[in-house]
Amino acid sequence: QMAIAEKGAIVGKGEYVSPAWERGPDHVWGLYERFGVYGDAPGHGYGATGVEVEVDRETGKVRILRLAHAYDVGFALNPLLIEGQLEGGAAISAGGLLTEEVLVDNGQIVNPSYLGYRMLTASDIPKVIPIIVETENDPNEGPYGAKELGMGVITSAGPAVISAIYNACLLYTSD
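Residues numbered from 1 in each chain as written. Predicted model: local features only at pLDDT ≥ 70, side-chain atom pairs only at ≥ 80, totals over all residues. Heavy atoms only, no water.

I'm lost on the sheet that holds strand β7 (residues 127-134) in this one. Help?
Whenever strands of a sheet pair, they do so through backbone hydrogen bonds, lying parallel or antiparallel. Strand order in the open sheet made by the 3 strands is β3-β4-β7, with mixed pairing throughout. Both edges of this open sheet fall to β3 (46-55) and β7, since each of them pairs with a single strand only. Strand-to-strand, the axes of this sheet are offset by a mean angle of 10°, without reference to chain direction. Bridge count between strand β4 (residues 62-74) and β7: 8 bridges; the pairing is parallel. Across the sheet, residue Gly 74 finds its bridge partner in β7, namely Glu 134. This element, helix α3 (residues 79-98), spans β4 and β7 of the sheet and lies at about 135° to β7. (Pairing = 2+ DSSP bridges. Helix = DSSP H or I, 4+ residues; strand = E, 2+ residues; numbered from the N terminus. Axes fitted to C-alpha atoms, helices over the stretch in contact; angles between N-to-C directions. Contact = heavy atoms within 4.5 Å.)

I would appreciate a short explanation of the nonpolar core in the present structure.
What tends to happen in soluble globular proteins is that the nonpolar side chains get buried as a cluster. If you look at the biggest cluster of nonpolar residues, it comprises 13 residues, and the most contacted ones within it are Val 53, Val 55, Ile 64 and Leu 67. Elements supplying a minimum of two residues to this core: β3, β4, α3 and α4 (151-173). For this core, the element with the highest residue contribution is α4, accounting for 4 residues. Filtering out sequence-adjacent residues up to four positions away, Val 53 remains in contact with Val 62, Arg 63, Ile 64, Leu 65, Ala 164, Ile 165 and Ala 168. Listed in part, the 6 residues of the second largest apolar core include Tyr 71, Val 73, Ile 82 and Val 153. (Core = buried A, V, L, I, M, F, W, Y, C linked by side-chain atoms within 4.5 Å. Buried < 20%, exposed > 50% of the residue type's maximum accessible area, 1.4 Å probe, protein only.)

I tried to follow the environment of Leu 98 on my own but got confused; where do I start?
One can find Leu 98 in helix α3. The class for Leu 98 is partly exposed, based on a relative accessible area of 35%. Taking the C-alpha atoms as reference points, Leu 98 and Arg 118, separated by 20 residues in sequence, lie 9.3 Å from one another. Look past the residues within four positions of Leu 98 in its chain and what remains in contact with it is Val 62 and Ile 64.

So yeah, pure geometry; function would need other evidence.
This is how it looks when you write it as C-alpha cells:
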C-alpha cells in the first residue's frame, strides 16, 4: 500500500488478496457451500440500528423521529465520509419504507416520473445519529484495517423501523 502527494492531491494505490483465495479454490468453494459467500473479502459488516417512531392512532401514519446507526468500520479512513454514508443510508431506507412505491396496473407502471413517485426531501429525512465504531486494525480486513460500509446501513433500518412500529402499536393496545 502506498499513498503519494502530487500537486497537493493524495493518490493512493493498494492491493488486497483474500486469505481464503490463498488457500485455494477448494477452500473458497467450501466457504460458499457453507455460508453462501465466496472467500472472506472485506464485504461483511457489523452494525446496529435504533429507531424512535411516532404512530398516529387515527390514520396509521408513521413518522421516524430519530434513527441511530452504529457501524463497525474497523479503521475510520475518512470519518466525515462515514457519517455521510450512515446518514445517506438512513435517507434511502426511510424513503423506501415510508413513501416510495412503484405503482403497477396490468403490468404498466402508472407513476413513471418523480411527480408520482414520492421521494423524501431533505426536510422529510429523520434526525440521524451516526455512531462510528472502530475496532482493532486487522490489515487482512482492508487498507489499514478498514472494513466495508454499505448495504448493511440500508438494510438494517427496515427491521428496526418495523419493530419500533410494532412496539408503538403494542403499547397503544394497553391504553
